[in-house]
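Each chain is listed here by its residues.
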Amino acid sequence: MRTAKLSCLIIIFVVLTSLSPALVSSSSQDRIEQRINSLLARMTLEEKLGQLQQLDGEANGNFRPEHVEMVRKGLLGSTLNVRGAARTNELQRVAVNESRLKIPILFGFDVIHGYRTVFPIPLGEAATWDPAALERSAAIAAREARAAGVHWTFAPMVDIARDARWGRIAEGSGEDPYLGAMLAAARVRGFQGSDYSAPDKVVATAKHWVAYGAAEAGRDYNTTDLSERTLREVYFPPFKAAIDAKVGTFMTAFNDINGVPATANPFVLSDVLRSEWKFDGLVVSDYTAVMELMNHGLARDEADAASYALNAGTDMEMVSRFYNKHGAALIRSGKISTTTLNEAVRRVLRIKFRLGLFEKPYADEARETNSIFTPEHLAAAREIAARSMVLLKNQGDFLPLSKGVKAIAVIGPLADSQKDMIGSWTGDGKAEEAVTLLTGVKSKVSPQTTVRYAKGSELNDNSTAGLDEAVRVARESDVVIVAVGESAEMSGEAASRSSLDLPGQQMQLIKAIHATGKPYAVVLMNGRPLTISWIAENSPAILETWFAGTQGGHAIADVLFGDVNPGGKLPVTFPRSVGQVPLYYNHKNTGRPPDLNNKYTSKYLDVPWTPQFPFGHGLSYTKFKITNLKLSAVQMGRTGSLTVTAEVQNVGKRSGDEVVQLYIRDVTSSVTRPVKELKGFQRVTLQPGETKRVEFSLGPEQLGSYDRSMRFGVEPGEFKVMVGPDSANLVQATFQVR
Ligand code: BGC
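**Here's the deal with the overall build of the protein chain**
Secondary structure assignment for the protein chain yields 23 helices and 26 strands. Since a compact globule built from 738 residues should have a radius of gyration of about 27 Å, the 27 Å found for the protein chain is in line with a globular shape. By its C-alpha atoms, the protein chain is 80 × 70 × 65 Å across when sized along the principal axes. The burial tally for the protein chain puts 60% of its 738 residues in the buried class. Within the protein chain, residue pairs in contact and separated by at least 24 positions form 78% of the contacts whose partners lie at least 6 positions apart. Element-wise, carbon and sulfur atoms account for 51% of the exposed surface of the protein chain, whose accessible area totals about 28,100 Å². Each charge class in the protein chain can be summarised by its mean position, and for the 84 positive and 80 negative side chains these summaries are 4 Å apart.

This is how it looks when you write it as structure tokens:
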């Protein structure tokens, strides 16, 4: 009897403990909703509208005098750019001690690739093909930002970009929805952890919702016009991955989508985000995007703009003040319902509760001093930067260089530029803390090595005054490193270009160095694919380093001198000519696929149709072989799955990393499919001679597509499976879905 009672108790205990995590989280969620209800019941209309207002601080991190008064009256819910523990605490004290309802302020900031310790630009981080590295860099950025009083980062930017003219390609993960989705989720995990109320976490933002990267002609803020299919297949997946990783907030995009600007687009904001994906977090507009609804030609006036945006599902207004100014009248006239308003306020408060701001409104000022720019963070920045580098070419194993070389020349407008090294979204990063390539090289080579430097040219002007000096320095040296590319401001926001060539006299500089006959390596720093055909054909070695961040110079030197074997891969296609853009690997086959022997096929008269460097390309100082592609089945049902395995072997003499990439092709389908679609990848490290087996699984999620009625599913027929080191060199097998 006693044993029966005991076992009964044990069973109850086991059931309760196994249930408890769910119970705890749903009950804490319930408690949050109750607290929101009780606040909402006490809020005036003005206070509610105040929660929906976000205003900009000063660039240096200060709040503005008017913020204090607004906060005191409960008329300001959030700021952007206000940062620093003491400053945020000062304004927060006004909210908590002096406002009627004591609702804390939400401090937002663009922590894009690091807060003070700057990591490579996002496109560079994407070139690691290593979600764990991105998670780590985001976690460090979050630790530093939260210590400085920032609760909310406007990152990750997860816009797919197929057009290198668009400067914001630098801020995302490139052209591929699958890679983009994996990396979006990793960044969200890194920023938020499992609970973003933790003192070293921030709430993340998936932005810009949506299709911003599809701006026509690559011109920033431009219109987009896309089918629902393209939206769902190409532009949505990284956002959905962010949702699955529990991202707290979304930001609307500036662009018009199929005639309805994203900030007022009920299809994307309401039907997809809220109804389909069940997102209960907060949506903030982009900077003055509510105001811009008038320029778009949607809203007649300020009130109309507010009504469009709030009714569509944009909860918080960044910088423009139309909700605040016109909200009360719109409610009175019934153009906005109280339910809609309350729902928006509820979402803002929900994030504040989830961040734990009501319990812990203040930043810990001691933490700010000891958890920012630490040696550990710098070491991670150096390691991740080195992992992001892509060896585009290495003729005759020219790289790595010997540290014992007698004389080395470091040449180029980017060779000693601190401000460019940290890229275009530098958070609170300081150019004077960045390590340049010249410094990196000097601290790498032997004490006997002479290091000479010449700028050679400016980045972007017509002067050739520096060329002679550069040539002289090159002639006096045994080896030359030439650092060329773009300035940091030539990519990022409002930095579209119609040419993808190296700007200014930089090509002249490279040709002049080339003419000396000295062996040289080209180090590229840039925020987008560039057209570098001459260099690709003539220069011995090319290392793509993006904008590598605070520790960039050390990381580049680590790679150039072989302390790190490069293993990054391109997350974007490099075209040969800007006229090929948009050029991406996952295109359709067309009815007339390119055929050199047939004029009437899909190609150009003046440039090959192929890219200069394909998506996924990247070399190593060792060599790999990918063989033994095997499928666990050659036939399967529509809901089945199969396992793909392949072997990768290091057949060279150094240890190194290979990124094994898995692509599929649905050969025939009721709706045509791309010639290749990435569906898996693994970055593996192999010692010389070592072989590893990599395994991928393909099921309905990877094999499915949208049919003509936009229903997602797997269609019967033949599928190709391709595995290789990039999107162009693949071994393949086939299977059938019945
Ligand atoms: C950008 C956003 C950014 C916001 C706040 C806008 O101009 O498009 O990406 O988060 O400014 O700085």
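**Notes on helix 20 (residues 506-515)**
Residues Gln 506, Leu 509, Ile 510, Ala 512 and Ile 513 constitute the buried set of helix 20. Down the axis, helix 20 shows its buried residues gathered within 160 degrees of arc, on one side only. In this structure, the buried residues of helix 20 make contact with strand 12 (407-411), helix 19 (467-475), strand 14 (479-485), strand 15 (520-525) and helix 21 (533-538).

**So, the environment of Pro 177**
Along the chain, Pro 177 turns up in helix 7 (residues 177-192). In sequence terms Pro 177 and Phe 373 are 196 residues apart; their C-alpha atoms lie 33 Å from each other. Apart from residues no more than four positions distant in its own chain, Pro 177 is found in contact with Ile 160, Glu 233, Val 234, Pro 237, Pro 238 and Asn 586.

**Some thoughts on the confidence of the model for the protein chain**
Here the protein chain averages 96 in pLDDT, and 97% of its residues register 70 or above. Counting interchain partners and residues more than four positions distant, the pLDDT-below-50 stretch residues 8-24 has 0 contacts.

**Considering the packing of helix 7 against helix 9 (residues 237-244)**
Between helix 7 and helix 9, whose axes approach to 8 Å, the crossing angle comes to 30 degrees. Overall, the two elements helix 7 and helix 9 adopt an arrangement that is roughly parallel. With respect to the hand of their crossing, helix 7 and helix 9 are arranged in right-handed fashion. On helix 9, the residues that touch Pro 177, Gly 180, Ala 181, Ala 184, Ala 185 and Val 188 of helix 7 are Pro 237, Pro 238, Ala 241 and Ala 242. In the contact of helix 7 with helix 9, the residues fall into 9 nonpolar, 1 polar and no charged.

**So, the site of the ligand**
Near the ligand, the surroundings consist of 13 residues, among which Asp 110, Arg 168, Lys 207, His 208 and Asp 286 are the closest. Between an oxygen atom of the ligand and a side-chain N or O atom of Asp 286, the distance comes to 2.6 Å. One nitrogen or oxygen atom from the side chain of Glu 493 is found 2.8 Å from an oxygen atom belonging to the ligand. Across the complex, the protein chains shield 93% of the 310 Å² of accessible surface that the ligand would expose by itself.

**Regarding the packing of aromatic side chains**
This structure, assessed with the given rule, holds 21 aromatic pairs. Seen from their ring centres, Trp 129 and Phe 615 are 5.4 Å apart, and the 50 degrees between their planes marks the pair as tilted. In this pair, Trp 129 is assigned in the loop between helix 5 (122-126) and helix 6 (131-147) and Phe 615 in the loop between helix 22 (552-560) and strand 17 (624-631), connecting sequence segments 486 residues apart. On the basis of relative accessibility, which here comes to 0%, the residue Phe 615 falls in the buried class. A network of ring pairs unites the aromatic residues Trp 129, Tyr 178, Tyr 585, Phe 615, Tyr 663 and Phe 681 as a single cluster. Just above the ring of Tyr 362 sits the side chain of Arg 93; from NZ or CZ to the centre is 6.0 Å. Lying across the ring of Tyr 584, Arg 162 places its NZ or CZ 3.6 Å from the centre.

**Let's talk about the sheet that holds strand 16 (residues 541-544)**
Taken in spatial order, the 6 strands of this open sheet run 11-16-15-14-12-13, and their pairing is mixed. For this open sheet the edge positions go to strand 11 (390-394) and strand 13 (450-454), each flanked by a neighbour on one side alone. For this sheet, the mean angle separating the axes of adjacent strands, direction not counted, is 15 degrees. Two elements, strand 15 and strand 16, share 4 bridges in a ladder whose sense is parallel. Looking at the pairing, Leu 524 lines up with Glu 544 of strand 16.

**Quick notes on the nonpolar core**
With 132 residues, the main nonpolar core has Trp 209, Phe 250, Ile 411 and Leu 437 as its most contacted residues. Among residues more than four places away in sequence, those in contact with Ile 411 are Ala 454, Ala 470, Val 473, Ala 474, Val 480, Ile 481, Val 482, Ala 483, Leu 509 and Ile 513. Trp 152, Val 319, Tyr 323 and Ile 331 belong to the second-largest nonpolar core, a separate cluster that totals 43 residues.

**A look at the sheet that holds strand 19 (residues 642-650)**
Strand order in the open sheet made by the 3 strands is 17-19-22, with antiparallel pairing throughout. Two strands in the sheet have a free side with no partner beyond their single neighbour: strand 17 and strand 22 (691-698). Mean inter-strand twist for the sheet, computed between neighbouring axes without regard to direction, equals 20 degrees. Pairing between strand 19 and strand 22: 8 bridges, direction antiparallel. Of the residues in strand 22, the one forming a bridge with Ala 646 is Val 694.

**Points about the side chain of Lys 201**
Of note, Lys 201 is situated in the loop between helix 7 and strand 5 (205-209). Despite its burial, Lys 201 pairs with no opposite charge, the nearest such side chain being Asp 200 at 5.2 Å. Here Gly 190 takes part through its backbone oxygen, which lies 3.0 Å from a polar atom of the side chain of Lys 201. Excluding its chain neighbours within four sequence positions, the residues that come into contact with Lys 201 are Ala 139, Ala 142, Arg 146, Arg 189, Gly 190, Phe 191, Gln 192, Gly 193, Asp 195 and Tyr 196.

**Side note on the environment of Ala 170**
As for its position among the elements, Ala 170 is in the loop between strand 4 (152-153) and helix 7. You can call Ala 170 buried: its relative accessible area is 2%. Spatially, the C-alpha atom of Ala 170 lies 5.9 Å from that of Gly 492, the residues being 322 residues apart in sequence. Discounting residues that sit within four places of it in the chain, Ala 170 has contacts with Ile 121, Pro 122, Leu 123, Ser 491, Gly 492 and Gly 527.

**Regarding the pairing of strand 21 (residues 677-686)**
Taking burial as the measure, the 10 residues of strand 21 include 8 buried ones, the bulk of the element. Of the strand pairs in this sheet, strand 20 (residues 656-666) and strand 21 are connected by 9 bridges, and their pairing is antiparallel. Bridged to Val 660 within strand 21 is Gln 682.

Calculation rules
Residues numbered from 1 in each chain as written. Predicted model: local features only at pLDDT ≥ 70, side-chain atom pairs only at ≥ 80, totals over all residues. Heavy atoms only, no water. Helix = DSSP H or I, 4+ residues; strand = E, 2+ residues; numbered from the N terminus. Rg over C-alpha atoms; globule rule 2.2 N^0.38 Å. Buried < 20%, exposed > 50% of the residue type's maximum accessible area, 1.4 Å probe, protein only. Contact = heavy atoms within 4.5 Å. Areas by Shrake-Rupley, 256 points an atom, 1.4 Å probe, with all protein chains shown as cover. Lys, Arg positive; Asp, Glu negative; His and termini not counted. Charge placed at Lys NZ, Arg CZ, Asp CG, Glu CD. Arc of directions from axis to C-beta. pLDDT = per-residue confidence, 0-100. Axes fitted to C-alpha atoms, helices over the stretch in contact; angles between N-to-C directions. Parallel < 35°, antiparallel > 145°, perpendicular 65-115°, else oblique. Left-handed = near helix turned anticlockwise from the far one by under 90°. Nonpolar A, V, L, I, M, F, W, Y, C, P; charged D, E, K, R; others polar. Near = heavy atom within 4 Å. Polar contact = N/O pair within 3.5 Å; in protein donor to acceptor, adjacent residues only side chain to side chain. Phe/Tyr/Trp six-rings, centres within 6.5 Å; stacked < 30°, edge-to-face > 60°. Lys NZ or Arg CZ within 6 Å of the ring centre and 35° of its normal. Pairing = 2+ DSSP bridges. Core = buried A, V, L, I, M, F, W, Y, C linked by side-chain atoms within 4.5 Å. Salt bridge = Lys/Arg side-chain N within 4 Å of Asp/Glu carboxyl O.

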